[in-house]
Amino acid sequence: QVQLVESGGGLVQPGGSLRLSCAAPRTIAGIYALGWYRQAPGDQRDLVASIRSNGDTNYAESVKGRFTISSNKAKTTVSLQMNSLKAEDTAVYYCNIRNPWGKYWGQGTQVTVSS
């Protein structure tokens with residue numbers, strides 16, 4: 001089982017920025033999508049942004065224009081640049097990598113937006 005390693009969470013004021021990063025400890029074959037999900041207390045885990053192997057991206061409506069997902073060519077890292085953060089962006093953020101044989105998750109990183 002591959003455990004992805006996340007970094008970059010923390011406390012930020014409304015309107016601020018954070019950059020989350022996620023790395024796979026080894027090459028994963030057949031990757032067709034990488035993404036970021038988030039889960040607030042009492043809520044389900046929802047997709048925030050994803051990027052497919054052809055470079056196509058998809059964003060939740062609530063983050064469009066504020067968040068940007070990117071990945072390196074080797075698909076061993078995926079990042080999420082978060083700008084203009086709002087209190088409602090507060091959640092635990094999880095990275096995710098998919099191939100035809102399964103899904104791989106990170107341990108989660110807390111993002112708190114508060115003044």
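Computed from a predicted model, the values in this text were never measured in an experiment.

The rules we used
Residues numbered from 1 in each chain as written. Predicted model: local features only at pLDDT ≥ 70, side-chain atom pairs only at ≥ 80, totals over all residues. Heavy atoms only, no water. Pairing = 2+ DSSP bridges. Helix = DSSP H or I, 4+ residues; strand = E, 2+ residues; numbered from the N terminus. Axes fitted to C-alpha atoms, helices over the stretch in contact; angles between N-to-C directions. Buried < 20%, exposed > 50% of the residue type's maximum accessible area, 1.4 Å probe, protein only. Polar contact = N/O pair within 3.5 Å; in protein donor to acceptor, adjacent residues only side chain to side chain. Contact = heavy atoms within 4.5 Å. Salt bridge = Lys/Arg side-chain N within 4 Å of Asp/Glu carboxyl O. Disulfide = S-S within 2.5 Å.

What's the story with the sheet that holds strand β8 (residues 77-82) in this structure? I'm lost.
Strand pairing in a sheet relies on backbone hydrogen bonds, with the paired strands running either antiparallel or parallel. The strand order across the open sheet built from four strands is β1-β3-β8-β7, with neighbouring strands paired in antiparallel fashion. Of all strands in the sheet, those bounded by a partner on one side alone are β1 (5-7) and β7 (67-71). Across this sheet, the average inter-strand angle for adjacent strands is 15°, counted without regard to direction. Where strand β3 (residues 18-23) meets β8, six bridges bridge the pair, whose relative direction is antiparallel. Residue pairing in the sheet places A23 in a bridge with T77 of β8.

What exactly am I supposed to notice about the pairing of β7 here?
Successive residues of a regular strand alternate their side chains across the two faces of the sheet. Here β7 runs beside β8; their pairing, made up of five bridges, is antiparallel. Paired with S71 across the strands is V78, a residue of β8. The antiparallel pairing of β7 with β8 creates a hairpin that spans five residues between the two strands, and K75 there sits at a positive phi of about 60°.

Even after reading the chapter, I still don't get the side chain of D89, so can you show me in this structure?
Structurally, D89 is set in the loop between β8 and β9 (91-99). Judged by its relative accessible area of 1%, D89 falls in the buried class. At 3.0 Å, the side chain of D89 forms a polar contact with the side chain of R38. Residue contacts for D89: discarding those within four places in its chain leaves R38, V63, R66, F67, S84, V111 and V113.

Please clarify how the pattern of salt bridges should be interpreted in this entry.
Working definition: two side chains of opposite charge can pair if their charged atoms are close together. Applying the stated rule across the entire model yields three salt bridges. Two residues, K64 and E61, come together in a salt bridge whose shortest N-O distance is 2.7 Å. The salt bridge involving R66 is made with D89; its shortest N-O contact spans 2.8 Å. You can see R66 sitting in the loop between β6 (57-59) and β7 and its partner D89 sitting in the loop between β8 and β9, a full 23 residues away along the chain. Each of the two residues, R66 as well as D89, counts as buried. Through salt bridges with shared partners, a single network forms among R38, R66 and D89.

Would you mind showing me how to read the state of the cysteines here?
Each disulfide is one covalent bond, formed between the sulfur atoms of two cysteines. Counted according to the given criterion, the structure contains one disulfide. Disulfide pairing is shown between C22 and C95; the S-S distance is 2.0 Å. Here the disulfide of C22 and C95 is right-handed, its torsion about the S-S bond being about 50°. Of the two residues, C22 is situated in strand β3 and C95 in strand β9; the sequence distance between them amounts to 73 residues. The residues C22 and C95 share a single accessibility class, namely buried.

Interpretation in functional terms is not warranted from these geometric data alone.
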